[in-house]
Amino acid sequence: MANRRGPERAEATELSRPAGFEAPVGADAPIMDVLATMRAMRRLKPDPVPVPIIEDLVRAATWAPSGSDAQHHAFVAVTDRDQMARLAELWVDVVDVYRSLMGTVVPGVDDERHARMADALEYQAEHFADTPLVIAACYQRSGAGSALRSPRAGVELARDLGARRLARLARGGLAASSLPEASSIYPAVQNLLLAARAHGLGATLTIWHLFREADFRRVLGVPRDHGIYALIPIGYPLGRFGPVRRRPVDDVLHWDRWS
Ligand SMILES: Cc1cc2nc3c(=O)[nH]c(=O)nc-3n(C[C@H](O)[C@H](O)[C@H](O)COP(=O)(O)O)c2cc1C
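Cut-off values and rules
The written sequence of each chain sets the order in which its residues are numbered from 1. Given that this is a predicted model, residues contribute local features only at a pLDDT of at least 70 and side-chain atom pairs are listed and counted only at 80 or more, while totals for whole chains, interfaces and linings are drawn from all residues. Each pair of strands is called paired provided DSSP finds at least two bridges between the two strands. Runs of E in the DSSP output that reach at least two residues are strands. Runs of H or I that reach at least four are helices, and both are numbered from the N terminus. To assign burial, the other C-beta atoms lying within 10 Å of each residue's own C-beta are counted, with C-beta atoms placed from the backbone; 20 or more indicates buried, 12 or fewer indicates exposed, and intermediate counts indicate partly exposed. Note on geometry: axes are C-alpha line fits, over the in-contact stretch for helices, and angles between N-to-C directions span 0 to 180 degrees. Put simply, angles under 35 degrees are roughly parallel, angles over 145 are roughly antiparallel, angles from 65 to 115 are roughly perpendicular, and the rest are oblique. The contact criterion used is a C-beta to C-beta distance within 7 Å, with each C-beta placed from the backbone. The residue classification treats Ala, Val, Leu, Ile, Met, Phe, Trp, Tyr, Cys and Pro as nonpolar and Asp, Glu, Lys and Arg as charged. All others, Gly included, are polar. Per-residue confidence from the prediction method is given by pLDDT, with values spanning 0 to 100.

Draft legend 1. Region of interest: the sheet that holds strand β4 (residues 73-78). In spatial order, the strands read β4-β5-β7-β6; together these four strands make up an open sheet with antiparallel pairing. Of all the strands in the sheet, the pair left with one neighbour each is β4 and β6 (202-203). Bridging between β6 and strand β7 (residues 226-235) involves two bridges; their strand directions are antiparallel. Of the residues in β7, the one forming a bridge with Gly202 is Gly235.

Draft legend 2. Seen up close, the pairing of strand β5 (residues 133-140). Counting buried positions over the eight residues of β5 gives seven, a clear majority of the element. Taken together, the six bridges between β4 and β5 define a ladder with antiparallel strand orientation. Residue pairing for β5: Val76 is matched across the bridge by Ala136. Relative to β7, β5 runs antiparallel, the two sharing eight bridges. In the strand pairing of β7, Gln140 is matched with His226.

Draft legend 3. Geometry of the packing of helix α3 (residues 81-102) against helix α9 (residues 213-220). Packing of α3 against α9 leaves a shortest axis separation of 10 Å and a crossing angle of 175°. Taken together, the axis directions place α3 and α9 in an arrangement best described as roughly antiparallel. Counting all contacts with α3, which are made through Arg86, Leu87 and Leu90, the residues of α9 involved are Asp215, Phe216 and Val219. When grouped by side-chain class, the residues that make up the contact of α3 with α9 number four nonpolar, no polar and two charged.

Draft legend 4. Broad picture of the confidence of the model for the protein chain. Looking at the protein chain, the pLDDT average stands at 88 and 84% of residues meet or exceed 70. Within the model, the stretch residues 1-6 combines pLDDT values under 50 with seven contacts to residues more than four positions away or in other chains.

Draft legend 5. Region of the structure containing unusual backbone geometry. Its identity is not glycine, yet Ser68 carries a phi of approximately 55°, on the positive side. If you trace the backbone, Ser68 turns up in the loop between α2 (51-62) and β4. By the C-beta count within 10 Å, which is 11 here, Ser68 ends up exposed. If you check the backbone angles, Asp256 has positive phi at about 70° while not being a glycine. Relative to the elements of secondary structure, Asp256 occurs in the segment after α10 (249-252). For Asp256, a count of 4 C-beta atoms within 10 Å gives the class exposed.

Draft legend 6. Here's a closer look at the environment of Ala203. If you trace the backbone, Ala203 turns up in strand β6. Residue Ala203 is classed as buried on the basis of its C-beta count, with 26 C-beta atoms lying within 10 Å. Considered as a pair, Ala203 and Tyr236 are 33 residues apart in the sequence and their alpha carbons are 8.6 Å apart. If we skip the residues at most four places from it in the chain, Ala203 touches Met41, Leu193, Ala196, Ile232, Pro233 and Ile234.

Draft legend 7. Spatial organisation of the environment of Leu90. Positionally, Leu90 belongs in helix α3. Taking the C-alpha atoms as reference points, Leu90 and Val219, 129 residues apart in sequence, are found 9.6 Å from one another. Beyond its immediate sequence surroundings of up to four residues, Leu90 is in contact with Arg212, Asp215, Phe216 and Val219.

Okay, here's the thing in structure tokens:
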């Protein structure tokens, strides 16, 4: 069922681990317990993250697979206080945009969870300038989509593929122009988040920068041929990792055929 804010979400009723489960932290933590307790961590200590650890996070990100093995990742790690203050100013504004878009209710999220998330968002916005590390995950735009937009490449493609196949490709051109890059950067982002967890760091994958993409791009100095796909605030957590509440497997898994 759809409402004004989009499709209704299924109820997330299942806890990934029993309540009160002691979430393991560190490089030796069992991977399934780590995955089950990777909450978005928005309350962070201001303590700096050492440079070798930041390099380790980005190295882990580069170990992720990428389409055609292109490896067009790029990361901007912000630790400078003046830069962080510039990002904080933009951040407060985009959180406001998000609040007005989503109102006070997120479909499928019960009141208690919504209130907890709203409190955490509030805290993060107020303390954003003290975030020790923000990593912007970028990827070079050079996929099939850009080939399709170039007339010269189009002629070559028409020769190689034939007009009918090219026309079919062009119809999906928009998706082709952003999907390959997004599909390549997000596995890297997840690796980065898992590496952060191994170092006892908390983080959140965020995309609100898209509300003011040009301003974030200007502050971060990201060139036009690269997209910014995620902004990840990272730091030692004030809160604790713990079980996540998600939809049960039976709700999302279809065997052999959807229906
Ligand atoms: C694609 C994507 C975009 C997200 N964007 C944001 C964001 O802009 N701001 C934010 O605070 N959290 C963002 N999140 C985090 C989600 O809100 C979070 O994962 C979800 O609420 C579940 O929270 P939990 O893991 O603590 O249970 C994003 C997550 C994903 C996967």
